[in-house]
Amino acid sequence: MKILLAIDGSDFSKVAIHELIKMTLSSNSEIHIINVYEVPKTTGLGLHTMGGRIGNYIEEIRSNAQKLGNKIVSEAFDKIKAENKALTITTSVVSTMPKSTIYEKAEDWGADLIVVGSQGHGALSRLVLGSVSQYLTTNAKCSVLIAKAGNKK
């Protein structure tokens, strides 16, 4: 079974990791952990007047997001591998639009299942761009598991 785990470091992603760990998986199962982050566009009104400074700022944002993404997938890798050493696990960190990138990765890789949290970082992004989990359940050709945090009282 090929499982794509899409995480962003949010508490909902941690629930998705936990749900994946609870699954009984055969030793020939493959997991690909992906973190997709967005970097602000530099084409906004007036940004061209700031010269090279804005480019340096955007590059710093991109570098920090890449480092954070690497940390997020590395921690998930370690947690999953600790529970099942026989699993084949790969990772990637990508800078693009999350919902389309996760969908395309699942299609190209031939995923049997996509695992995501019910929500991620950024309420504004959800408002403007739409929910990643909603997009995946509507468009993906494979099954999608949306992990939700239960009511923990």
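Residues numbered from 1 in each chain as written. Predicted model: local features only at pLDDT ≥ 70, side-chain atom pairs only at ≥ 80, totals over all residues. Heavy atoms only, no water.

A.B. asks: I'd love a proper account of the packing of helix α3 (residues 98-109) against helix α5 (residues 132-139), names of residues and values included.
C.D. replies: Running from amino to carboxyl end, α3 crosses α5 at an angle of 35°, the nearest separation of the two axes being 9 Å. For α3 against α5, the interelement crossing comes out right-handed. Residues Pro98, Lys99, Ser100, Ile102 and Tyr103 of α3 lie in contact with α5, whose contacting residues are Val132, Tyr135, Leu136 and Asn139. Split into classes, the residues belonging to the contact of α3 with α5 amount to six nonpolar, two polar and one charged. (Axes fitted to C-alpha atoms, helices over the stretch in contact; angles between N-to-C directions. Helix = DSSP H or I, 4+ residues; strand = E, 2+ residues; numbered from the N terminus. Left-handed = near helix turned anticlockwise from the far one by under 90°. Contact = heavy atoms within 4.5 Å. Nonpolar A, V, L, I, M, F, W, Y, C, P; charged D, E, K, R; others polar.)

A.B. asks: Can you break down the environment of Ile21 residue by residue, with the values?
C.D. replies: For Ile21, the location among the structural elements is in helix α1 (residues 11-22). The exposure class assigned to Ile21 is partly exposed, which follows from its relative accessible area of 26%. Ignoring sequence-local partners within four residues, the contact set of Ile21 consists of Lys79, Ile80 and Glu83. (Buried < 20%, exposed > 50% of the residue type's maximum accessible area, 1.4 Å probe, protein only.)

A.B. asks: So what's going on with the confidence of the model for the protein? Residues and values would help.
C.D. replies: Overall, the prediction assigns the protein a mean pLDDT of 85, with 80% of residues at 70 or greater. Least confident of the elements in the protein is helix α4 (residues 123-129), whose mean pLDDT is 47; most confident is strand β1 (residues 2-6), at 98. Contacts for the low-pLDDT stretch residues 124-129, under 50 throughout, to residues beyond four places or in other chains number nine contacts. (pLDDT = per-residue confidence, 0-100.)

A.B. asks: Can you break down the pattern of salt bridges residue by residue, with the values?
C.D. replies: Scanning all chains against the criterion turns up five salt bridges. Across the salt bridge formed by Lys71 and Glu75, the nearest N and O atoms sit 3.1 Å from each other. Remark: Glu75 and Lys71 occur in helix α2 (residues 52-83); sequence separation between them is four residues, near one turn of the helix. Glu75 gets classed as partly exposed once you look at its relative accessible area, which sits at 40%. (Salt bridge = Lys/Arg side-chain N within 4 Å of Asp/Glu carboxyl O.)

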